[in-house]
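# Structural overview for review
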Amino acid sequence: LGRSKVRPWKFMPFTNPARKDGAIFNHWRRVADEGKDYPFARFNKSVQVPIYSEQEYQLHLHEEGWTRQETDHLFGLCRKFDLRWFVIHDRYDHEQFKKRSIEDLKERYYTICSKLTKIRAPPGQEPKVYVFDADHERRRKEQLDRLFTRTPEQVKEEEYLNQELKKIEMRKKEREKKTQDLQKLITAADSSDARRSERKSTKKKLLTKEKRESSGSVDIPTGIKFPDFKQAGVSLRSQRMKLPSSVGQKKVKAIEQLLEELGIDLYPMPTEEICREFNELRSDMVFLYDLKLAYANCEFELQTLRHRFEALAPGKMPLTVLPTTAGASTSGTAPAQTEDSPSRKKASDIIDVVSTGPSTPVSMH
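Here the structure is a predicted model, which is why all the values come from computation and not from measurement.

## A short note on the overall build of the protein chain
Counting its regular elements, the protein chain contains 9 helices and 2 strands. Walking the protein chain from its N terminus toward its C terminus, one meets helices and strands in the order β-β-α-α-α-α-α-α-α-α-α. When each of the 365 residues of the protein chain is scored for burial, the buried share is 18%. Sequence-distant contacts in the protein chain: of pairs separated by 6 or more residues, those separated by 24 or more amount to 49%.

Printed below as a string of structure tokens:
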């Protein structure tokens, strides 16, 4: 910095382009900037107030209650004071023209600007127009005036009313909370009743199953029994598609695998018809699963009986023995008794179909 030359400065005159009176002032300035415009003149921003012709005024801008001279006076003040409306209203000639409010002056000015924008816009183009709502502005100022001119008694009354409103809202929230708690209790009671009934039905099913097993009968599959939703309160229709707890995990996985193979969504849109059809489909799937399982069990028992028969009577074909009454013949064609085989045994003597354990052949004396 010490080795560089100092830039020369000069006390020179200048003019401000923002001024129109041609005033000349002097200030210090670098010699290199001599002849350039005043740098702060670019901050002088003026509002472009539109100018209308006599023909445009007579055709589009004429309005009752406003004369051409008063409109020209208004636009002249707008150009002079750059739309500073309080200054315009203060300098407005209320003696020569009718006494106007700020809202009246602004409404007249913006109405003319919007009309000129529309008539000067090129055909086929919708221009952007500023709309001034004078009635809304008057009401706004009137409300502010009422708020500012309130008495101390009115202020206290308003504060009291606000406090009462808060109390009412608090009591309302408490009532809503109590209602929700009561609804939860009702729902819990209904669900507990449903669980009790489900436990009773489960016990009944176990008893009937034990009776069937003791009597030797086969349990017939019936699919899925979906519960009926008749509880109090609001419930979702999608709950109807929820599988009951009686369905085991193996069946649930089998249903999901079969649905994926068929290309069906696991959780479809729960409309009334879709809920019914989807539940019936899954019930049929479980019914088919139970049938296959029962068939597999029967096949396993049949194979077990065959192995027992082969162990007791090797080299012989088993006969299908049906329960018959006394003196009735058994089904199937049994080999006839001959003299060459006096010691041939009956099928009922060889294997007991009903028993579960291995049977003992009856000795023939």
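There is more to say, and it comes next.
## Here we look at the nonpolar core
If you look at soluble globular proteins, the nonpolar side chains tend to sit buried side by side. Ranked by internal contacts, the top residues of the largest apolar core, which has 24 residues, are L74, C78, W85, I88, Y92, L105 and Y109. Those elements that provide at least two residues to this core are α1 (54-61), α2 (68-81), α3 (85-91) and α4 (102-120). The dominant element in this core, judged by the number of residues it contributes, is α4, at 7 residues. Each residue touching L74, except ones within four places of it in the same chain, is listed here: W66, W85, I88, Y92, L105, R108 and Y109. Membership of the second largest hydrophobic core comes to 11 residues, among which are F226, M241, I255 and F278.

## Topic: a nonpolar patch on the surface
A surface patch of nonpolar side chains, about 400 Å² in accessible area, is lined by W9, F11 and W28. As for its position among the elements, F11 is in strand β1 (residues 9-15).

## Side note on helix α5 (residues 134-148)
Helix length check: α5, at 15 residues, gives a terminal C-alpha distance of 21 Å against a target of 21 Å (1.5 Å per residue), a fit within 8%. For α5, the N-terminal cap is D133; the gap from its side-chain oxygen to the backbone nitrogen of D135 is 3.5 Å.

## Quick notes on the pattern of salt bridges
The tally for this structure, following the rule as stated, stands at 19 salt bridges. The residue R146 makes a salt bridge to E142 at a minimum N-O spacing of 2.9 Å. Residue R146 and its partner E142 are both found in helix α5; the two are separated by 4 residues, about one turn of the helix. On the accessibility criterion, R146 (55% relative accessible area) is exposed. When salt bridges with common partners are traced through the structure, they connect D104, E107, D135 and R138 into a single cluster.

## So, the side chain of E103
Tracing the backbone shows E103 in helix α4. For E103, a relative accessible area of 8% gives the class buried. At 2.6 Å, the side chain of E103 forms a polar contact with the side chain of K141. In contact with E103, not counting residues within four places along its chain, are F132, A134, E137, R138 and K141.

## A look at the packing of helix α7 (residues 249-262) against helix α8 (residues 272-312)
The geometry of α7 relative to α8 is characterised by a closest axis approach of 10 Å and an angle of 115° between their N-to-C directions. Regarding α7 and α8, the two cross each other, and that crossing is right-handed. Contacts between α7 and α8 involve K250, K251, A254, I255, L258, L259 and L262 from the former and F278, L281, R282, M285, V286, Y289 and D290 from the latter.

## Concerning the environment of H27
Take H27: it is sitting in strand β2 (residues 24-30). Considering only alpha carbons, one finds H27 and F11, 16 residues apart in sequence, at a separation of 5.4 Å. If near-sequence neighbours (up to four positions away) are discounted, H27 is found in contact with K10, F11, M12, F14 and Y38.

## Topic: a negative patch on the surface
Side chains of E273, E277, E280 and D284 sit close together on the surface and give a patch of like negative charge. Secondary-structure assignment places E280 in helix α8. On the basis of relative accessibility, which here comes to 42%, the residue E280 falls in the partly exposed class.

## Topic: unusual backbone geometry
Only a minority of non-glycine residues have a phi that is not negative, and only a minority of peptide bonds are not trans. One non-glycine residue, D82, lies in the positive phi region at around 55°. Structurally, D82 can be placed in the loop between α2 and α3. Classification of D82 by relative accessible area gives partly exposed; the value is 23%. Phi is positive for L83, close to 60°, though the residue is something other than glycine. Its place among the elements puts L83 in the loop between α2 and α3.

## Points about the confidence of the model for the protein chain
Per-chain confidence: the protein chain averages 79 in pLDDT, with 79% of residues scoring 70 or above. Here helix α9 (residues 347-350) is the element of the protein chain with the lowest mean pLDDT, 37, and α3 is the one with the highest, 94. Across residues 321-365, confidence stays below pLDDT 50; counting only partners more than four residues off in sequence or on other chains, it has 33 contacts.

## What about the environment of D265?
Relative to the assigned elements, D265 resides in the loop between α7 and α8. For D265, the side chain forms a polar contact with the main-chain nitrogen of Y267, separated by 3.4 Å.

## Observations concerning α1
At 3.6 residues per turn, the α-helix brings residues three or four places apart onto the same side. If you check which residues of α1 are buried, you get E56, Y57 and L61. All buried residues of α1 fall inside an arc of 100° around its axis, so they share one side. Set apart from the buried face of α1 by more than 90 degrees, the exposed residues are Q55 and L59. Looking at the buried positions of α1, the neighbouring elements they touch are α2 and α4.

Definitions and cut-offs
Residues numbered from 1 in each chain as written. Predicted model: local features only at pLDDT ≥ 70, side-chain atom pairs only at ≥ 80, totals over all residues. Heavy atoms only, no water. Helix = DSSP H or I, 4+ residues; strand = E, 2+ residues; numbered from the N terminus. Buried < 20%, exposed > 50% of the residue type's maximum accessible area, 1.4 Å probe, protein only. Contact = heavy atoms within 4.5 Å. Core = buried A, V, L, I, M, F, W, Y, C linked by side-chain atoms within 4.5 Å. Patch = residues over 30% accessible without salt bridge, like charges linked within 9 Å, V, L, I, M, F, W, Y side chains within 5 Å. Areas by Shrake-Rupley, 256 points an atom, 1.4 Å probe, with all protein chains shown as cover. Salt bridge = Lys/Arg side-chain N within 4 Å of Asp/Glu carboxyl O. Expected span 1.5 Å × (residues − 1). Polar contact = N/O pair within 3.5 Å; in protein donor to acceptor, adjacent residues only side chain to side chain. Axes fitted to C-alpha atoms, helices over the stretch in contact; angles between N-to-C directions. Left-handed = near helix turned anticlockwise from the far one by under 90°. Lys, Arg positive; Asp, Glu negative; His and termini not counted. Charge placed at Lys NZ, Arg CZ, Asp CG, Glu CD. pLDDT = per-residue confidence, 0-100. Arc of directions from axis to C-beta.

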